[in-house]
Amino acid sequence: MRQRSVSLLFLFFFSLGTHFSVWAQRPPAYPLVTIDPYTSIWAFSDKLNESPTRHWTGKNHPLDGLIRVDGRTYRFMGSTLTTLKTVVSTAQTGPYSLTYTFQQPTEGWEKPAFQPSADWKTGQAPIGDGASSNPVKPATLWKTKEVWYRRTVNLSDLNFENLVLYMSHDDDVVVYLNGVQAYDSGPSYVGDYKIFPIAPAAKAALKKGSNVLAVKCLNPRGGAFVDVGLSDERKVNLGASIALAEQKSVSVKATQTEYQFAAGPVALTVTFTTPFLLDNLDVATRPASYITYSAQSMDGKPHTVQVYTAASGLLSVHQPMQQVVGKRSSADGLTVLSIGTTEQKVLGRKGDDVRIDWGYALLAAPSAATTQTGIGQPAALFRSFVSQGKVADESLQPAAADARSLAVAQSLGSVGPTPKTAHVILGYDDIYSVQYFGQNLRGWWRRDESMTAEKMLAAAEKDYSSLVEKCRQFDQQLYADAEKSGGKPYADLCQLVYRQAIAAHKTVAGPKGEVLFFSKENFSNGSIGTVDVTYPSAPQFLVYNPTLLKGMLEPIFQYSESGKWTKPFAAHDVGTYPLANGQTYGEDMPVEESGNMLILTAAIAAVEKNANYAKQHWPTLTTWVEYLKKDGFDPANQLCTDDFAGHLARNANLSIKAIMGIASYGYLAKQLGQTDLGEQHLQLARDLAQKWTQMAQDGDHYALTFDRPQGSWSQKYNLVWDRLLDLNIFPKDVAQKEIQYYLTKQQPFGLPLDSRRTYTKSDWIIWTATIADQPQDFQQLIAPVYKFADQTPSRVPLSDWHETTDGKQVGFQARSVVGGYFIKLLHDKLH
């Protein structure tokens, strides 16, 4: 019997492997429920059951999944249920005393016997610069590059289950316990509080009574903050052991992520589907994702199976200690559970490393006698399912978010070789999504004031079967198109980033009922509607629905045309997410953003085969092109999107953008029947391009700046629009000369952005590759980007800013700019 079971198991998964196209690449993180910047849940590890699911920011947003087979329970999603008991408090619960210095201390400053000199001061925690990114208001201001502090802590007991650091650090931190290094973060930052492991030697150095916790924090850029405490991480007793389901495979496609498990004698398939079908905005903007379960016997025998799904109250808060309350309702055959904060400060929080704390997280399932639902303490819900295969309301009283969950238990009955299925819907009702120049706007799905979360979920349930099939077909078509366009590695990259690019936006109904599609600068600065985020992300939306690109450009146009923005160039942004009340970024990008707006308006005209959209904003486009004609060709020292290594004057790639912006205006003018005006601008662009080649020429390539520092170079990715729009502005040999030079500068994980540093932007690499004439050159430039996505040690939603020497994330994650990967597909669509 044992041999027969093993053989059937092998044959089952072999048949799955031949039926499904299992994705060979290992993503840096796996998209699960990806709706918008606030409801964006990912698996940061390769196995769905080895760590908690997380919000894209890295904060725990736990989804838990259990399967009960013949009375034995297996976990397939989430991690062991734990609680944190405070051992040494952080400033979240109140200030504490410390000694600190902003000057390099003498050797041994971290040791218990150290005697602070006069440079050390006494103060209160936390320490920070007061930036909006600080999770707690600082009691001691920190404005220098580095800070060192010491804190005496008393321990009455050393009997810990798993002692961990509980801290927030911005940026790099090193922590010592009694002089022994406990943790070194390396180059990184955490805008909120998280747990971190403690080195065994540091744990061993602790003693009962007085101990010294010493911290060094470095702040090379941006906000500054540090606060460190200790917690004991304890496993929750569930009354019975829970085995791990064995994960057999995982595949990521454009709209679906699918896992295969073995739970004893039963095979379980878990599929996460977010129906981002952009040709139907009513469907694509619904804040609802599906989780589908399919179970079948692997040994030919019948088995009794129940499936459990839980969503934590943490999905509806910014901080775990916020109070939440759950409730239940119904909708056309659905049981709907919801949970949200008791305060409900709608649109009351803005920023980057921020999670929503208004509205309601939703978990819904078809009502049936074989389905039970519950709201209550996570451990109590777990215990009920483990012991009985059922759940019920355990507590409807308000409690801290991490002490409440929504749960659904679904019985599949007796499961044999024929698969049996069940599904749930996970969603979010944010009530209002964005504030736009003082007016609160609803999500596109809720533009009709009579719409409710229950009606939305009922529609999602009605469409469930057809949408899952449409998503399957769409995923196949996207992959086939991308593979034809750029090969398998390129197709793998496109399907990986598809949901990420969309979920970094929110679609709302504008004041006039128009579509507005707001991006959030994830782990960048939290800006909303940033033009130089729109620019790189645009290709995906030009391919699949240019209405959404118009929805990105429209707030910038309206900002200028309202008179609120009076400068003669385009704004950088319209606020800090989700408050779009006017630019909050501290510095303008005049050439960058004006060029971006002109080019993208021309791209819309190329895709739609008319310039009607440009006609609506012609006076504004004219203002911006006049600015570029005056100041764009040889740019002054100003900010641009690629100034990670510092500002540049006379930037050659920025100059290309200005030239292409002028050419785009000419292209649009001709489409609008203004032939003379159009040719005038196209000829000006050609003349400037000839001048550019002379000023940027540096032997076998073109320089970083017109100053031509020795050996300097940069990716001239802005040339891609000359090719896409068939403008013929630059001599044909310029792009190919650059491509051949770039191929000599590649590193293991990609082509550096320019000669100043070895880091890169992967979106720009794919734009650069698209200007190549030869397919083999395109493939050579794409291959290291594929290698980065496959091998990066930074296990976060794909970063677009990474180091080309070792594949590590430098900054940014989960950003929309990866929509730029679709530029080769866009090229082929236009040709």
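In what follows, the structure referred to is the one given above.
The rules we used
Residues numbered from 1 in each chain as written. Predicted model: local features only at pLDDT ≥ 70, side-chain atom pairs only at ≥ 80, totals over all residues. Heavy atoms only, no water. Helix = DSSP H or I, 4+ residues; strand = E, 2+ residues; numbered from the N terminus. Contact = heavy atoms within 4.5 Å. Polar contact = N/O pair within 3.5 Å; in protein donor to acceptor, adjacent residues only side chain to side chain. Expected span 1.5 Å × (residues − 1). Buried < 20%, exposed > 50% of the residue type's maximum accessible area, 1.4 Å probe, protein only. Axes fitted to C-alpha atoms, helices over the stretch in contact; angles between N-to-C directions. Nonpolar A, V, L, I, M, F, W, Y, C, P; charged D, E, K, R; others polar. 1 Å grid on protein atoms, 1.4 Å probe; cavity = no way out; pocket = protein on both sides within 12 Å on 5 of 7 lines; lining within 4 Å. Points joined across faces, edges and corners; volume = space filled by probe spheres on them. Core = buried A, V, L, I, M, F, W, Y, C linked by side-chain atoms within 4.5 Å. Phe/Tyr/Trp six-rings, centres within 6.5 Å; stacked < 30°, edge-to-face > 60°.

**What about the environment of Tyr667?**
So, step 1. Mapped onto the elements of the fold, Tyr667 is located in helix α13 (residues 652-671).
So, step 2. Along the backbone, Tyr667 and Ala606 are 61 residues apart, and their C-alpha atoms lie at a distance of 9.4 Å.
So, step 3. When sequence neighbours within four positions are dropped, the list of residues in contact with Tyr667 reads Ala602, Ala605, Ala606, Leu682, Leu725 and Leu727.
So, step 4. A distance of 3.0 Å separates polar atoms of two side chains, one belonging to Tyr667 and the other to Gln671.

**Quick word on helix α7 (residues 488-503)**
So, step 1. Spanning 16 residues, α7 covers 24 Å between terminal C-alpha atoms, matching the ideal 22 Å at 1.5 Å per step.
So, step 2. When you tally the buried positions in α7, you get 14 out of 16 residues, the bulk of the element.

**Here's the deal with the packing of helix α17 (residues 762-770) against helix α19 (residues 823-830)**
So, step 1. Their axes nearest at 9 Å, the elements α17 and α19 cross at an angle of 35 degrees. Contact residues: α17 offers Ile766, Trp767 and Thr770, while α19 offers Ile823, Lys824 and His827.
So, step 2. Partitioning the contact of α17 with α19 into residue classes produces three nonpolar, two polar and one charged.

**Notes on empty space enclosed by the protein**
So, step 1. Following the criterion strictly, the structure yields four cavities of 30 Å³ or more and no others.
So, step 2. Reported here for the largest cavity is a volume of approximately 130 Å³.
So, step 3. If you list the elements that add at least two residues to the lining of the largest cavity, you get α3 (281-284) and β33 (505-509).
So, step 4. Sort the elements by how many residues they give to the lining of the largest cavity and β33 lands first, with three residues.
So, step 5. Partitioned by chemical class, the residues of the lining of the largest cavity number eight nonpolar, three polar and three charged.
So, step 6. Computed from the structure, the second largest cavity encloses a volume of approximately 110 Å³.
So, step 7. Cys640, Asp642, Asn651, Asn653 and Tyr717 are, among the 16 residues lining the second largest cavity, the residues nearest its centre.

**Quick word on the nonpolar core**
So, step 1. Ranked by internal contacts, the top residues of the largest apolar core, which has 208 residues, are Ile67, Phe76, Tyr259, Tyr498, Trp692 and Trp721.
So, step 2. Sort the elements by how many residues they give to this core and α13 lands first, with twelve residues.
So, step 3. Ile67 has contacts with Arg72, Thr73, Tyr74, Phe76, Ala263, Val266, Leu268, Val305, Gln306, Val307 and Phe385, leaving out every residue within four places of it along the chain.
So, step 4. Core analysis: the second largest hydrophobic core is formed by 32 residues, Leu98, Val175, Leu177 and Ala202 among them.

**Here we look at the packing of aromatic side chains**
So, step 1. For the structure on display, the rule yields 51 aromatic pairs.
So, step 2. Ring geometry for Trp56 and Phe523: centres 5.0 Å apart, planes at 70 degrees, overall edge-to-face. Taken as a pair, Trp56 in the loop between β3 (54-55) and β4 (63-69) and Phe523 in the loop between β34 (515-519) and α8 (531-544) lie far apart in primary sequence, 467 residues in all. Across the pair, Phe523 and Trp56 agree in class, each one buried.
So, step 3. Relative to Phe523, the ring of Tyr189 lies with its centre 5.7 Å away and its plane at 45 degrees, an arrangement referred to as tilted. Taken together, the positions of Tyr189 in strand β15 (residues 189-196) and Phe523 in the loop between β34 and α8 put the pair 334 residues apart, joining distant regions of the chain.
So, step 4. An aromatic cluster is built from Tyr436, Phe437, Phe518, Tyr559, Trp565, Phe569 and Tyr627, whose rings are joined through pairwise contacts.

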